[in-house]
Amino acid sequence: MPVIDLHTHSTCSDGSLRPAELVALAVRNGVDVLALTDHDSVAGLAEATAAADAAEIRLVPGIELSAIWKQYNIHVVGLNIRPDHAGLVAGLARQAEARGLRARQIGERLAERGMPGAYEGALALASSPEAISRTHFSQWLFAQGHVGSIQQAFDRWLGPGKPGAVPMPWASLAEVVGWIREAGGQAVLAHPGRYSMSRTRLRELLVAFVDAGGEAMEVATATEKPDMIQYLARLSVQLGLTASQGSDYHGQPAPWIALGRFPALPTICTPVWSSWSHLPS
Ligand code: AMP
Ligand code: MN
Ligand code: MN
Ligand code: MN
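Values in this document were obtained by computation on a predicted structure and should not be read as measured data.

### What about the coordination of the manganese ion (ligand 3)?
Only Glu64 (OE), His75 (ND1) and His191 (NE2) from the protein coordinate the manganese ion (ligand 3), and they sit 2.1 to 2.2 Å from it. Mapped onto the polypeptide sequence, the residues donating to the manganese ion (ligand 3) form the spacing pattern E-x10-H-x115-H. The metal-metal distance between the manganese ion (ligand 3) and the manganese ion (ligand 2) is 5.6 Å. Here Glu64 is found in strand β3 (residues 58–69), whereas its partner His191 is found in the loop between β6 (186–189) and α8 (199–211), with 127 residues between them in sequence. For the residue pair Glu64 and His191, the accessibility class agrees, reading buried in each case.

Below is the structure:
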C-alpha cells in the first residue's frame, strides 16, 4: 500500500521545514504521494515539485484556503491545482492582503495588553508579512515567556473570542471552492471534526460544501479519534463525497504529529485519489 499524505505545511505558511526539507522527510518516512497544502499560498510548490521529481516521489500541488461560512472559519484543501491560474492567483492576493493587515492588528492588540514587539517577533518567524499566521504569534508568545505552551497562546490570546482573534474578511466557502475548481483542482473540506460544531451544523456545512462544488472531505487525520473517523466516513458516503487523509504536518509548532502517519481510511470510503492517474501501487 502506498503511503499517501495529502495535508502538510512548509515555511511558506506556518510549518517549520522548507518545501525541499519537507520532501526529504517524506522520503525518509516512506511517503509515496505528498501534497503540500500551505495556508492561502502556493509559494512553496515549485521548490517542492523540483525536490519530489529528483527524489522520485509524487508531489500533489495543493493549498489550504481559509474561508468563512456563517460565523465559522472553515479550511478547504485544494488538490491538483494549477498554481498559476489567474482566478486563483487573484483570490490569493486578496487573502494575503487580509492576512498582512490582520498581523498588524494582532500586534497592536497584544501591545495594548503589555506585550510589545509581537508583530516584529511574528514577522521574524514568517517567510513574508503576508504569510504571518497565528501560529507565528503563538511561537513568539511562548518564546517570550508570555504563555507556558503553544496551546495556552491560543486559549488565552489567539483563539475564538480572545483579544488576538481579529475578525477576518476571508472569502466565502463558495468562492474558495470556485477558485480551486477553476484552477483544475479537487476541493476537500479540511478536518471536519475540528470546527466545534454540533452534528446538525456539520451536516449543514457539508451540504453547503457539496452545493458549492466540493468533491471530498478529510476523514482520516492524525489528531482525530477513531469514533470520529468512523462517523466522518459514514457522512462521506451519505453525502456522496470522496474521502481524503493526511497528517496536517507542521513540524516544530506541532511536534506530536509525524509526516505520513495517521489512521487508515475506513474501507467504506471512496478515496479522493481513486480517479487520479499514475499512483504507485
Ligand atoms: P491562521 O491561518 O493564521 O488563522 O492560523 C491558523 C493556524 O493556527 C492553524 O492552521 C493551526 O496551525 C494553528 N492553530 C489554530 N488553533 C490552534 C490551537 N488551538 N493550538 C495550536 N495551533 C492552533
Ligand atoms: Mn496551520
Ligand atoms: Mn486547517
Ligand atoms: Mn493544515
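### A word on the site of ligand 1
Around ligand 1, the neighbouring residues are Asp14, His39, Arg99, Arg102, Ser133, Arg134, Thr135, Gln151, Phe154 and His250. Asp14 places a side-chain nitrogen or oxygen 3.1 Å from an oxygen atom of ligand 1. Residue Gln151 places a side-chain N or O atom 3.2 Å away from a nitrogen atom belonging to ligand 1. Here ligand 1 has 500 Å² of accessible area as a free molecule, and 77% of this is covered by the chains. Among the cavities detected, the one that contains ligand 1 is the largest pocket. Taken together, the elements giving at least two residues each to the shell around ligand 1 come down to α3 (86–112), α5 (134–143) and α6 (150–158). Its residues assigned to classes, the shell around ligand 1 comprises one nonpolar, five polar and four charged.

### With respect to the coordination of the manganese ion (ligand 2)
Within the protein, Asp14 (OD), His39 (NE2) and His250 (NE2) serve as the donor atoms for the manganese ion (ligand 2), at 2.1 to 2.2 Å. Here the donor residues of the manganese ion (ligand 2) share one chain and are spaced in sequence as D-x24-H-x210-H.

### Here's the deal with helix α7 (residues 173–182)
If you check which residues of α7 are buried, you get Leu173, Val176, Val177, Gly178, Trp179 and Ile180. Where α7 is buried, its residues meet β3, β4 (72–79), α3, β5 (171–172), β6 and α8. Taken from the residues just after α7, Gly184 is the one with a positive phi, measuring 85 degrees.

### Considering the nonpolar core
The tendency in soluble globular proteins is for nonpolar side chains to be buried as a group. Counting 70 residues, the largest nonpolar core has Leu6, Leu34, Ile74, Val76, Leu79, Leu205 and Val219 as its most contacted members. When residues of this core are assigned to their parent elements, the largest contribution, seven residues, is made by helix α9 (residues 226–239). Among all residues touching Val76, those that are not within four sequence positions of it are Ile63, Glu64, Leu65, Leu173, Val176, Val177, Ile180, Ala187, Val188, Ala190 and Phe209.

### Describing the packing of α3 against α5
Across the interface, α3 lies against α5 with an axial gap of 11 Å and an inter-helix angle of 30 degrees. Taken together, the axes of α3 and α5 lie roughly parallel to each other. The two elements α3 and α5 meet at a crossing, and its hand is right-handed. For the pair α3 and α5, contact is made by Arg102, Ala103, Ile106, Gly107 and Leu110 and by Arg134, Phe137 and Leu141, respectively. Of the residues in the contact of α3 with α5, the class split is five nonpolar, one polar and two charged.

### Examining the layout of surface pockets
Size it by volume and the largest pocket reaches roughly 1,500 Å³. In terms of lining, the largest pocket is formed by 40 residues, of which the most central are His75, Arg134, Phe154, Pro160 and Arg194. Those elements giving two or more residues to the lining of the largest pocket turn out to be β3, β4, α3, α5 and α6. Of all the elements, α6 adds the most residues to the lining of the largest pocket, at five residues. Residues belonging to the lining of the largest pocket are distributed by class as follows: 16 nonpolar, 15 polar and nine charged. For the second largest pocket, the calculated volume is near 250 Å³. Taken together, 13 residues form the lining of the second largest pocket, with Met1, Pro2, Gln245, Leu265 and Trp273 sitting closest to its centre. The class makeup of the residues in the lining of the second largest pocket is ten nonpolar, two polar and one charged.

### Description of the pairing of β3
The element β3 is extensively covered by neighbouring structure, given that ten of its twelve residues are classed as buried. With four bridges joining them, strand β2 (residues 33–36) and β3 adopt parallel strand pairing. Residue Val33 lies in a different strand from β3, and its bridge partner there is Arg58. Sheet topology note: the β3/β4 ladder contains eight bridges and is antiparallel. Within β4, the position partnered with Gly62 by the bridge is Leu79. The hairpin turn running from β3 into β4, its antiparallel successor, is two residues long, and Lys70 in that turn takes a positive phi close to 50 degrees. One ladder, built from two bridges, connects β3 with β5; its direction is parallel. Looking at β5, one finds that Ala67 is bridged to Ala171.

Analysis parameters
Residues numbered from 1 in each chain as written. Chains lettered and ligands numbered in written order. Predicted model: local features only at pLDDT ≥ 70, side-chain atom pairs only at ≥ 80, totals over all residues. Heavy atoms only, no water. Donors = N, O, S within 2.8 Å, 3.2 Å for Na, K, Ca; no water. Helix = DSSP H or I, 4+ residues; strand = E, 2+ residues; numbered from the N terminus. Buried < 20%, exposed > 50% of the residue type's maximum accessible area, 1.4 Å probe, protein only. Near = heavy atom within 4 Å. Polar contact = N/O pair within 3.5 Å; in protein donor to acceptor, adjacent residues only side chain to side chain. Areas by Shrake-Rupley, 256 points an atom, 1.4 Å probe, with all protein chains shown as cover. 1 Å grid on protein atoms, 1.4 Å probe; cavity = no way out; pocket = protein on both sides within 12 Å on 5 of 7 lines; lining within 4 Å. Sits in = over half its atoms within 2 Å of the grid points. Nonpolar A, V, L, I, M, F, W, Y, C, P; charged D, E, K, R; others polar. Contact = heavy atoms within 4.5 Å. Core = buried A, V, L, I, M, F, W, Y, C linked by side-chain atoms within 4.5 Å. Axes fitted to C-alpha atoms, helices over the stretch in contact; angles between N-to-C directions. Parallel < 35°, antiparallel > 145°, perpendicular 65-115°, else oblique. Left-handed = near helix turned anticlockwise from the far one by under 90°. Points joined across faces, edges and corners; volume = space filled by probe spheres on them. Pairing = 2+ DSSP bridges.

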